[in-house]
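# Secondary and tertiary structure notes
Residue-level listing of the chains:
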Amino acid sequence: MEITLSHYLVLSTILFAIGLVGVMRRTNLLMLFFATEILLNAVNIGFAAISRYYGDLTGQMFAFFVIAIAASEVAVGLGLLILWFKRSGGIDLTSMTSMKG
Amino acid sequence: MFEAVAFYLFAFLTVVMFSITVFTKQALYALTSLAAGMIFISAFYFILGADFLGAVQIIVYTGAVMALYAFAMMFFDTTRDVKEHTRSPQIVFLLGGMVALLIVIIFAVPIVSENITANYPVAEGVGNSQAVGIVLFTKYLVPFEVAAVMLLVAMVAGIVLAGKKMDHSLTLMEDEEIEFAEKSNEKAVS
């Protein structure tokens, strides 16, 4: 019973699907952020697995950059979220319909 | 054998934890299960021999990102249930399944072709951290510096966005000044 690359890719896909369901299901913005973190982590597993099974470090490098991007996304996104909460008193997506056409 | 046991154990745990994150109604449960899932994911990196990536995962995600989320959740009312009205869950699940299938196909195509060769092979005779350092500071130096600048910009943006009302320091003010500032804040809110 050997764990191959496909095992990791299938796991990565399952986690990505969970994250996608979360992104489509949630309307609370904080929960939406959690779902995007799941998406990024699922992709990172795929990168690390490919890096291991092809003996190439590029996958790990991409995983590092994805982690850096996730960290900066959280910083900016939470700043915007706190600002929106101070202004409107809620963080629900349905309250952000001021750009209705 | 041990690899298989560890893989299936941590795969199960990760899927369960992330499912809790996605489907729970309590914001605190979502936060804690997300943190647990991040730590379980670092186990995959250790199994795969990417030790440095696993350590970075624990430090950055469960250290920095989760602390940021916990800090932000103190602004919001997290004790009550998250109220959400979704229109039709069937469509959501259908779309999620279809996109997942699409991604499987996208991932499977290069595996079938079997033409991938290593651009930057792992250096022989050094540990994972050293090999990562060698590649990161030679081939990926410019993206590394750009990522550093991006993190700096994100930090400045976070401070500017979240710290709007922090231009007067509460520790350096007298009591009357603090009361005056609070009153003016209340007026501004109402």
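Cut-offs used in this document
In this convention, every chain numbers its residues from 1, walking through the sequence in written order. Working convention: letters from A go to chains and numbers from 1 go to ligands, in the order in which they are written. Thresholds applied to this predicted model are a pLDDT of at least 70 for local features of residues and 80 or more for the giving and counting of side-chain atom pairs; totals over whole chains, interfaces and linings are not thresholded and use all residues. For the purposes of this entry, the term helix denotes a DSSP run of H or I that reaches at least four residues, the term strand denotes a run of E that reaches at least two, and both are numbered from the N terminus. Here, expected helix span is obtained from the residue count minus one, scaled by 1.5 Å. Exposure is read from a count of other C-beta atoms within 10 Å of each residue's own; the residue is exposed at 12 or fewer, buried at 20 or more and partly exposed in between. C-beta atoms are placed from the backbone. Only buried residues count toward a nonpolar core: Ala, Val, Leu, Ile, Met, Phe, Trp, Tyr and Cys, linked into one set through C-beta atoms within 7 Å. In this description, any two residues whose backbone-derived C-beta atoms lie within 7 Å of each other are considered to be in contact. Throughout, the ten residues Ala, Val, Leu, Ile, Met, Phe, Trp, Tyr, Cys and Pro are labelled nonpolar, Asp, Glu, Lys and Arg are labelled charged, and all others, Gly among them, are labelled polar. One number per residue, pLDDT, summarises how confident the predictor is, and it ranges from 0 to 100.

## Examining helix α2 (residues 29–53) of chain A
Taking 1.5 Å of rise per residue, 25 residues should cover 36 Å, and α2(A) covers 37 Å from first to last C-alpha, within 8% of that figure. Counting buried positions along α2(A) gives 19 out of 25 residues, so the element sits mostly inside the fold.

## Some points on the nonpolar core
Residues Leu15(A), Leu30(A), Phe34(A), Ile45(A) and Ala48(A) are the most contacted members of the largest nonpolar core, which totals 63 residues. Contributions of two or more residues to this core are made by α1 (5–25), α2 and α3 (58–88) of chain A together with α1 (2–23), α2 (27–47), α3 (51–73), α5 (128–136) and α6 (141–162) of chain B. The element best represented in this core is α2(A), accounting for 13 residues. When residues no more than four places from it in sequence are discounted, the contact partners of Phe34(A) are Gly22(A), Thr21(B), Ala30(B) and Leu34(B).

## Describing the interface of chain A and chain B
The partner chain B presents 66 residues to the 58 residues of chain A that form the contact. Of all the secondary structure elements, the ones that give two or more residues to the side of chain A that touches chain B are α1, α2 and α3 of chain A. Ranked by residues supplied to the side of chain A that touches chain B, first place goes to α3(A) with 21 residues. Its residues assigned to classes, the side of chain A that touches chain B shows 41 nonpolar, twelve polar and five charged.

## Side note on the confidence of the model for chain B
This prediction gives chain B a mean pLDDT of 80; 73% of its residues lie at or above 70. In the predicted assembly, ipTM is 0.89 and pTM is 0.80.

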